[in-house]
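Per-entry structural report
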Amino acid sequence: MENIGAFLGFWERGTKKRSNFEETASRSVKRWASTTVFLSFFIIIFIGSFLYWVNVSVFPGSLLREEIFASKILEESLGECPEYFRWIHKDLEPWKHTGISREMLERAKAHAQFRLVIINGDAYVEKYKNAYQTRDVFTVWGILQLLRLYPGKVPDLELMFSCGDRPVVKKRDYEGANSTSPPPVFHYCGDQESLDIVFPDWSFWGWAETNIRPWNSILEDIKEGNKRTKWINRAPYAYWKGNPYVSIAREDLMKCNVTDKYQWKTRLYVQDWHKEKKQGFKKSKLADQCTHRFKIYVEGQAWSVSEKYILACDSMTLLIEPKYYDFYSRSLVPLQHYWPVRTARKCRDIKFAVEWGNTHTRQARAIGSAGSRYMQEKLKMKYVYDYMFHLLIEYAKLLKFEPRIPNEGKKVCAQKLASSQNGLGKRFMVESMVNSSSEALPCTMPPPFEPLSLEAFFENNEMIKRQVEMWEKDFWESLKFG
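Residues numbered from 1 in each chain as written. Predicted model: local features only at pLDDT ≥ 70, side-chain atom pairs only at ≥ 80, totals over all residues. Heavy atoms only, no water.

Summed over all chains, the structure comprises 3 disulfides. Across the disulfide, Cys 81 is cross-linked to Cys 443 (sulfur-sulfur distance 2.0 Å). Handedness here is read from the sign of the S-S torsion; for Cys 81 and Cys 443, about 100°, the answer is right-handed. Placement of Cys 81 in the loop between helix 2 (61–77) and helix 3 (87–91) and of Cys 443 in the loop between helix 14 (423–432) and helix 15 (451–481) is noted, with a sequence separation of 362 residues between them. (Disulfide = S-S within 2.5 Å. Helix = DSSP H or I, 4+ residues; strand = E, 2+ residues; numbered from the N terminus.)

Structure below.
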């Protein structure tokens, strides 16, 4: 530990230099803020007085009260959506100038499990292929809940949906001067090599096959689980539990487990879902897994729905370099919401992250708390629905044809779909059903990313990751030569 202490002394010196800079910057900001607040106060008073005079002069009694009340509701309803909503513009960019023709949509059929049509607020589904487990059923269920939440507000549209693990529309197939426009396919994830339109996955309404409750419910369960074990009292190791046999990345992670020869500061466990189901899911409750200071996220065959549950746990998330993204994860920031881990050096990276976090408990706890707050505040179910709403609105604007009910299309409604399910499937549908329309309007869609700001965002993330790599390099050298 003396060698570790010597290295961490380097971190402390860097922290002091940074704090001096922050203190100077803070004083400047405070002076500017004080002046701005002072001027803003008098401007607001002046405008407010003027508007009050105009309203009282022009609108008598009850009419004035109605105006004020309506304006208050509008103010409450029109909060701006979280930053990750900007990715909607990016995902639809391939069709920005061409629009989406009927021919493009029909080409998407080859990739889809089902076609969804919405006309006059009613939903119709034409099924093409079987999806894994009940992914398609719960995806349709989620869309039906959106229609109940915002009745009459979702425009007529027609889309194709893929329920597989990996993205299906390859960017390379639609590049070059003579290439055709890509088919629009909705899917749960994307990557830098694909053009899939990213949509919230089925598990937000429950994953019956693994006994994972709808997101609203499980988020509350995890919140209570976080209270049971304070961060400082949690086991000082990196925890992961899951099925390691679905990807090379997960099988490789298991090599980082504790052995007689190596101590990588991990606690890694195999989750056998078949066995767990027979035993009544007694050892797979997510709310009971927030007992370690650090939790590892690693992808499966593609992205994994487990990311949101791991981030919600108040533990510092060690995010093994992902290839895929879902609709919200592109806006996560290293060292703010998670700690970055390289795929090729995962065991060494994890060990360093745990050593660092157990020495810098305040900073490690802050990263864990920020990730958890992001899930609680920015990914609450209202925002999941609002993301779906805005994505479908923007998508519908691109359609250059009139949506129509397909010959094999069947009308679906929430009550009948829930009645067709049994066991946990039915229970989770009832649990996640929207029982009344929203009194508040959806959040306000933010504008697209400016190219320079998006480039700066990516560069900043890479700079942070390089900084972590430098700290780790110094750490291992201090052990070698200390």
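With that settled, the discussion passes to the sheet that holds strand 9 (residues 316–320). Read across the open sheet, the 5 strands follow the order 7-6-8-9-10; overall the sheet is parallel. Every other strand in the sheet has two partners, leaving strand 7 (266–270) and strand 10 (339–341) as the edge strands with one partner each. The sheet shows a mean angle of 25° between the axes of neighbouring strands, direction not considered. Looking at chain direction, strand 6 (residues 235–242) and strand 8 (residues 292–297) are connected through 3 bridges and run parallel. Bridge assignment links Ala 238 to a residue of strand 8, and that residue is Phe 294. Docked against the sheet, helix 11 (residues 361–378) engages strand 8, strand 9 and strand 10, running at close to 70° with respect to strand 9. (Pairing = 2+ DSSP bridges. Axes fitted to C-alpha atoms, helices over the stretch in contact; angles between N-to-C directions. Contact = heavy atoms within 4.5 Å.)

A separate point is the confidence of the model for the chain. Of all residues in the chain, 83% attain a pLDDT of 70 or more, and the chain-wide mean is 86. In the model, residues 1–77 has pLDDT below 50 throughout and makes 33 contacts with residues more than four positions away in sequence or in other chains. (pLDDT = per-residue confidence, 0-100.)

Applying the stated criterion across every chain, the model contains 36 aromatic pairs. Taken together, a centroid distance of 6.4 Å and an interplanar angle of 45° make the contact between Tyr 84 and Tyr 374 tilted. Remark: Tyr 374 occurs in helix 11 and Tyr 84 occurs in the loop between helix 2 and helix 3; sequence separation between them is 290 residues. Of the two residues examined, Tyr 84 and Tyr 374, each falls in the buried class. Ring centres of Phe 327 and Tyr 387 lie 4.8 Å apart, and the angle between their planes is 50°; on these two criteria the pair is classed as tilted. With Phe 327 in the loop between strand 9 and strand 10 and Tyr 387 in helix 12 (residues 381–398), the pair connects residues that are 60 residues apart, well separated along the chain. For the pair formed by Phe 327 and Tyr 387, the shared burial category is buried. Aromatic ring contacts, followed pair by pair, group Tyr 84, Phe 85, Phe 204, Trp 205, Trp 215, Tyr 309, Phe 327, Tyr 328, Tyr 374, Tyr 383, Tyr 385 and Tyr 387 into a single cluster. Geometry around Phe 449 places Arg 86 over its ring, the cationic atom sitting 5.7 Å from the centre. Directly above the aromatic system of Phe 204 lies the positively charged group of Lys 308, at a separation of 4.5 Å from the ring centroid. (Phe/Tyr/Trp six-rings, centres within 6.5 Å; stacked < 30°, edge-to-face > 60°. Buried < 20%, exposed > 50% of the residue type's maximum accessible area, 1.4 Å probe, protein only. Lys NZ or Arg CZ within 6 Å of the ring centre and 35° of its normal.)

For helix 11, with 18 residues, the first-to-last C-alpha span of 25 Å sits near the 26 Å given by 1.5 Å per residue. What helix 11 keeps buried is the set Gln 363, Ala 364, Ile 367, Gly 368, Ala 370, Gly 371, Ser 372, Tyr 374, Met 375 and Gln 376. (Expected span 1.5 Å × (residues − 1).)

Before going further, it helps to spend a moment on the nonpolar core. Soluble globular proteins tend to bury their nonpolar side chains together. Core analysis: the biggest nonpolar cluster contains 100 residues, and Tyr 84 and Trp 215 have the highest contact counts within it. With 13 residues, helix 12 is the single largest residue contributor to this core. (Core = buried A, V, L, I, M, F, W, Y, C linked by side-chain atoms within 4.5 Å.)

Before going further, it helps to spend a moment on the pattern of salt bridges. Where side chains of opposite charge bring their charged atoms close, a pairing between them can arise. Under the definition given, this model contains 27 salt bridges. Across the pair Arg 115 and Glu 106 runs a salt bridge, and its minimum N-O distance is 3.0 Å. Put simply, Lys 227 and Glu 224 hold a salt bridge, and the shortest N to O gap is 3.3 Å. Here Glu 224 and Lys 227 lie together in helix 6 (residues 215–228), a separation of 3 residues that amounts to about one turn. Taking relative accessible area as the criterion, Lys 227 reaches 51% and is therefore assigned exposed. Here the residues in one salt-bridge network are Arg 102, Glu 106, Arg 115, Glu 126 and Glu 158, joined through shared partners. (Salt bridge = Lys/Arg side-chain N within 4 Å of Asp/Glu carboxyl O.)

Relative to strand 2 (residues 122–127), strand 1 (residues 114–119) is paired through 6 bridges, and the arrangement is antiparallel. Bridged to Arg 115 within strand 2 is Glu 126.

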